[in-house]
Amino acid sequence: MTQDELKQQAALRALDYVVEGAIVGVGTGSTANFFIDGLATIKDRIAGAVASSEVSARRLAGHGIRLFDLNDVEELPVYVDGADEIDASLAMIKGGGGALTREKIVAAVATKFVCICDASKKVDVLGRFPLPVEVIPMARAQVARELASLGGKPVLREGFVTDNGNLILDVHGLQIHDPVKLEVNIDGIVGVVTNGLFAKRGADVLLLATADGVVMLERT
């Protein structure tokens, strides 16, 4: 089974968590795209969706799914998104696609966060995947120095600007044994918008696609 087939399996299983008649929070990335395509098959059963990026918004609109601004939404029962890495506590690294800030905002509003991944994304210790940090452009060099002092090797994501008009520093070489602490520390650096650690608000449910089927894990 290919990696894309595994991603699709996890994404389609997440349709079971969609609340009928409600608005759905939708993430960004290749696995989220499979979820969006699946959501299109039940679009008449939902009120619409909130997207975490312009890319996802365009894909949802292309399927004829009504889009809502998060500011106009009082309740979001579920948010479905992928991850670049996820550990046993269901803390994640996200932001490989550069949408980490909006993803984190939508996740914060949602009652339940369902993470959809293939088995390659499950790790014992976060950090093999470079940690994205969104920064205000004028603070790029200073933030990079601060990140280096934490033991990382920050690299500017060349030719990329976020939907919010900011830059991404991808931090290599980390072994993250306390993701909550590191998330708080990085967010405290002046000039940082947010970072790609989703630990304070991790996933509530992980749907992990394996060669033997989709395994469901819940946050404890």
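Refer to the preceding data block for the structure.
Since this is a predicted model, take the numbers as computed values, not measurements.

A. Geometry of the overall build of the chain. Secondary structure summary: the chain contains six helices and 13 strands in total. Relative to a compact globule of 220 residues, whose C-alpha radius of gyration would be 17 Å, the chain shows 17 Å and is just as compact. The principal-axis extents of the C-alpha atoms in the chain amount to approximately 50 × 40 × 30 Å. Residues counted as buried form 53% of the 220 residues belonging to the chain.

B. The environment of L67, seen in detail. Following the sequence through the fold, L67 ends up in the loop between helix 3 (54–62) and strand 3 (78–81). For the pair formed by L67 and I23, sequence separation is 44 residues and the distance between their alpha carbons is 9.0 Å. Once residues lying within four places of it in the same chain are set aside, the contact partners of L67 are A49, A57, L60 and A61.

C. Examining empty space enclosed by the protein more closely. A full pass over the atoms with the stated rule returns one cavity of 30 Å³ or more. When its volume is computed, the largest cavity comes out at roughly 30 Å³. Taken together, L147, L150, V171, L174, L182 and I186 make up the full set of residues lining the largest cavity. Residue composition of the lining of the largest cavity, grouped by class: six nonpolar, no polar and no charged.

D. Region of the structure containing unusual backbone geometry. Positive phi, normally seen in glycine, also occurs at L90, with a value near 70°. Along the chain, the position of L90 falls in the loop between strand 4 (85–86) and strand 5 (92–93). Residue L90 is classed as buried on the basis of its relative accessible area of 1%.

E. Molecular detail of the packing of helix 2 (residues 30–39) against helix 3. Here helix 2 crosses helix 3 at 25°, and the two axes come no closer than 9 Å. Between helix 2 and helix 3, the crossing angle belongs to the class labelled roughly parallel. As helix 2 packs across helix 3, the resulting crossing turns out to be right-handed. Listed contacts from helix 3 to N33, I36, D37 and L39 of helix 2 are S56, R59 and L60. Taken together, the residues that form the contact of helix 2 with helix 3 break down as three nonpolar, two polar and two charged.

F. Focus on the nonpolar core. Core analysis: the largest hydrophobic core is formed by 27 residues, its most contacted members being V24, V26, F35, L39, L60, V114 and I116. Going through the elements one at a time, helix 1 (3–13), strand 1 (23–26), helix 2, strand 2 (48–51), helix 3, strand 3, strand 6 (112–118) and strand 12 (205–210) are the ones with two or more residues in this core. For V114, the residues in contact, after removing those within four places along its chain, are A14, Y17, V78, Y79, V80, D81, V205 and L207. Grouped together as the second largest cluster of nonpolar side chains are 22 residues, A139, V143, L167 and V171 included.

Calculation rules
- Residues numbered from 1 in each chain as written.
- Predicted model: local features only at pLDDT ≥ 70, side-chain atom pairs only at ≥ 80, totals over all residues.
- Heavy atoms only, no water.
- Helix = DSSP H or I, 4+ residues; strand = E, 2+ residues; numbered from the N terminus.
- Rg over C-alpha atoms; globule rule 2.2 N^0.38 Å.
- Buried < 20%, exposed > 50% of the residue type's maximum accessible area, 1.4 Å probe, protein only.
- Contact = heavy atoms within 4.5 Å.
- 1 Å grid on protein atoms, 1.4 Å probe; cavity = no way out; pocket = protein on both sides within 12 Å on 5 of 7 lines; lining within 4 Å.
- Points joined across faces, edges and corners; volume = space filled by probe spheres on them.
- Nonpolar A, V, L, I, M, F, W, Y, C, P; charged D, E, K, R; others polar.
- Axes fitted to C-alpha atoms, helices over the stretch in contact; angles between N-to-C directions.
- Parallel < 35°, antiparallel > 145°, perpendicular 65-115°, else oblique.
- Left-handed = near helix turned anticlockwise from the far one by under 90°.
- Core = buried A, V, L, I, M, F, W, Y, C linked by side-chain atoms within 4.5 Å.

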